[in-house]
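This is what each chain is made of:
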Amino acid sequence: MESPFKVDILKGKVALITGGGSGIGFEISTQLGKHGASVAIMGRRSLVLQSAVSNLQSLGIQAAGFEGDVRKLEDARRVVQSTFDQFGRIDILVNAAAGNFLASAEDLSPNGFRTVLDIDSVGTFTMCHEALPYLKKGGLGRGSSGGGVIVNISATLHYTAAWYQVHVSAAKAAVDAIGRNLALEWGTDYDIRVNGIAPGPIGDTPGMSKLAPEEIKDPTKTPVPSYILGEKWDIAMAVLYLASNAGKFVNGATIPVDGGLWLSRPRH
Ligand code: HXC
């Protein structure tokens with residue numbers, strides 16, 4: 001689908017996207033790149049990264065892939081440094097790396113719980129923390145002299161409760177809290193904006209194929225009769241809004257992008 005944004009809104013900017021080689025993260029990488037940003041993607045799987053980088057480059061996007069696990073401080077530090085070395089600045093950090101599986105709370109081991117918090121919550125904080133020195137120096141911020149921008153990919157699970165997702169719900173609640181607190185501290189001190197996007201179920205993603213209960217895929221069984229799955233494009237457009245100057249007055253927000261699904265209850 002065609003973008004409603006001008007193609008040069010991120011011209012000269014450099015974006016680092018964790019989990020940027022596949023799923024929603026890859027669409028974010030693509031759209032940031034198509035709108036002028038140079039794109040560094042971080043992920044654990046080198047083959048996925050290589051193929052993603054080739055795809056981005058074939059679209060004329062300046063792209064580089066850096067292998068790393070957001071759970072490891074040394075990886076976070078190295079990837080942030082490599083991004084700076086390659087492109088000379090970092091303006092936008094998108095935390096899209098996430099771990100996920102369905103498990104009932106009774107069957108989930110404490111280590112399984114911790115693993116997802118390590119990836120989603122600690123990983124997000126670690127990446128923000130390591131990128132801070134670079135984000136301070138450049139970026140879009142709220143004015144031309146402002147700092148950079150952080151966008152965290154969250155979820156809507158924890159707005160209520162979600163079956164077999166206690167680990168992810170807790171992890172994403174922490175992601176939202178991290179975003180608000182960093183927005184307060186770094187918005188005030190460095191003019192860095194920190195926001196989140198909370199996608200609903202998005203078609204054609206690893207998350208959907210692993211997690212979605214069958215009734216979500218079957219529109220006749222959902223609580224919202226006209227409900228349709230979102231597209232990765234919808235999430236990428238929301239990131240573009242927040243990452244560009246269009247979102248210059250938005251800080252500390254998490255925007256649900258789910259067609260209103262989280263509001264729904266069965267009719268009675
Ligand atoms: C129960 C599980 C499990 C499963 C792992 N564990 N998978 N428990 N059911 N299916 C437990 C293990 O038993 C272990 O605990 C602990 O978690 C660590 O497991 P490892 O396999 O050693 O971890 P690791 O190799 O590091 O992999 C972590 C991972 C991750 C979380 C499984 O690789 C992963 O999920 N990757 C998929 C990424 C993905 O799908 N991303 C899209 C996210 S979509 P014990 O106690 O045995 O040691 C998304 C959307 C959210 O986030 C919103 C949806 C609506």
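Before reading further, recall that the structure is shown in the block above.
Residues numbered from 1 in each chain as written. Predicted model: local features only at pLDDT ≥ 70, side-chain atom pairs only at ≥ 80, totals over all residues.

Attention now goes to the overall build of the chain. Scanning the chain from terminus to terminus reveals eight helices and seven strands. Considering only C-alpha atoms, the chain reaches an extent of 55 × 40 × 40 Å along its principal axes. Here the contacts in the chain between residues at least 6 apart in sequence split such that 71% fall between residues at least 24 apart. (Helix = DSSP H or I, 4+ residues; strand = E, 2+ residues; numbered from the N terminus. Contact = placed C-beta atoms within 7 Å.)

This brings us to the site of the ligand. Around the ligand sit 20 residues, and of these Gly 99, Ser 109, Asn 111, Gly 112 and Gly 207 come closest. Within the residue set of the shell around the ligand, elements represented by two or more residues are helix 4 (110-135) and helix 6 (206-211). Its residues assigned to classes, the shell around the ligand comprises eleven nonpolar, eight polar and one charged. (Near = placed C-beta within 6 Å. Nonpolar A, V, L, I, M, F, W, Y, C, P; charged D, E, K, R; others polar.)

Val 39, Leu 93, Ala 131 and Val 239 are the most contacted members of the largest nonpolar core, which has 70 residues in total. When residues of this core are assigned to their parent elements, the largest contribution, ten residues, is made by helix 4. (Core = buried A, V, L, I, M, F, W, Y, C linked by C-beta atoms within 7 Å. Buried ≥ 20, exposed ≤ 12 C-beta atoms within 10 Å, placed from the backbone.)

Right, let's get into the environment of Lys 248. Its place among the elements puts Lys 248 in the loop between helix 8 (232-243) and strand 7 (254-257). Overall, Lys 248 belongs to the partly exposed group, with 16 C-beta atoms counted inside 10 Å. In this structure, the C-alpha to C-alpha distance between Lys 248 and Arg 193, residues 55 residues apart in sequence, is 8.0 Å.

The next subject is the sheet that holds strand 7. Strand order in the open sheet formed by seven strands is 3-2-1-4-5-6-7, with parallel pairing between adjacent strands. Taken across any chain shown, the strands that pair with only one partner, and hence form the sheet edges, are strand 3 (63-67) and strand 7. Here the strands of the sheet are splayed against their neighbours by 20° on average, with no regard to which way each runs. Sheet topology note: the strand 1 (residues 14-18)/strand 2 (residues 38-43) ladder contains five bridges and is parallel. Bridge assignment links Ala 15 to a residue of strand 2, and that residue is Val 39. Seen against the sheet, helix 3 (residues 73-87) touches strand 1, strand 2 and strand 3 and runs at an angle of roughly 155° to strand 2. Each of strand 5 (149-153), strand 6 (193-199) and strand 7 is contacted by helix 5 (residues 166-190), which is oriented at about 160° to strand 6, the strand it contacts most. (Pairing = 2+ DSSP bridges. Axes fitted to C-alpha atoms, helices over the stretch in contact; angles between N-to-C directions.)

Next up on the list: helix 4. Side chains three or four residues apart in an α-helix point the same way, a direct result of the helix having 3.6 residues per turn. Under the 1.5 Å per step criterion, the end-to-end length of helix 4 is 35 Å for 26 residues, consistent within 8% with the ideal 38 Å. Within helix 4, the axis deviates most sharply at Asp 118, by approximately 40°. (Expected span 1.5 Å × (residues − 1). Bend = angle between axes of the 7 residues up to and from the residue.)

Here we take up the packing of helix 1 (residues 23-34) against helix 8. Packing of helix 1 against helix 8 brings their axes to within 8 Å, and their N-to-C directions diverge by 50°. When the axes of helix 1 and helix 8 are compared, the pair comes out oblique. Where helix 1 crosses over helix 8, the two elements pack in a sense that is right-handed. In contact with Ile 24, Glu 27, Ile 28, Gln 31 and Leu 32 of helix 1, helix 8 contributes Lys 232, Trp 233, Ile 235, Ala 236, Val 239, Leu 240 and Ala 243. Here the contact of helix 1 with helix 8 is built from residues that sort into nine nonpolar, one polar and two charged. (Parallel < 35°, antiparallel > 145°, perpendicular 65-115°, else oblique. Left-handed = near helix turned anticlockwise from the far one by under 90°.)

Before going further, it helps to spend a moment on unusual backbone geometry. We note that Tyr 164 has phi near 65°; this positive angle belongs to a residue other than glycine. Look at Tyr 164 and you get partly exposed, because 17 C-beta atoms sit within 10 Å. In this model, Asp 191 sits at a positive phi of 60°, which is unusual for a non-glycine residue. We classify Asp 191 as partly exposed; it has 19 C-beta atoms within 10 Å.

What follows covers the pairing of strand 4 (residues 92-95). Burial of strand 4 is two-sided: the residues Ile 92 and Val 94 facing one way and the residues Leu 93 and Asn 95 facing the other way are all buried. As defined by bridge partners, strand 1 adjoins strand 4 across four bridges and the pair is classed as parallel. Bridged to Ala 15 within strand 4 is Ile 92. As paired elements, strand 4 and strand 5 share four bridges and run parallel to each other. Within the sheet, the bridge partner assigned to Ile 92 lies in strand 5 and is Val 149.

Angle between the axes and distance between the axes are the two parameters that describe a pair of packed helices. Axis separation between helix 3 and helix 4 bottoms out at 9 Å; the angle between their running directions is 35°. Handedness of the helix 3/helix 4 crossing: right-handed. When helix 3 is examined against helix 4, the residues Leu 73, Ala 76, Arg 77, Val 80 and Phe 84 are found in contact with a partner set consisting of Thr 126, Met 127, Glu 130, Ala 131 and Tyr 134. Residue composition of the contact of helix 3 with helix 4, by class: seven nonpolar, one polar and two charged.

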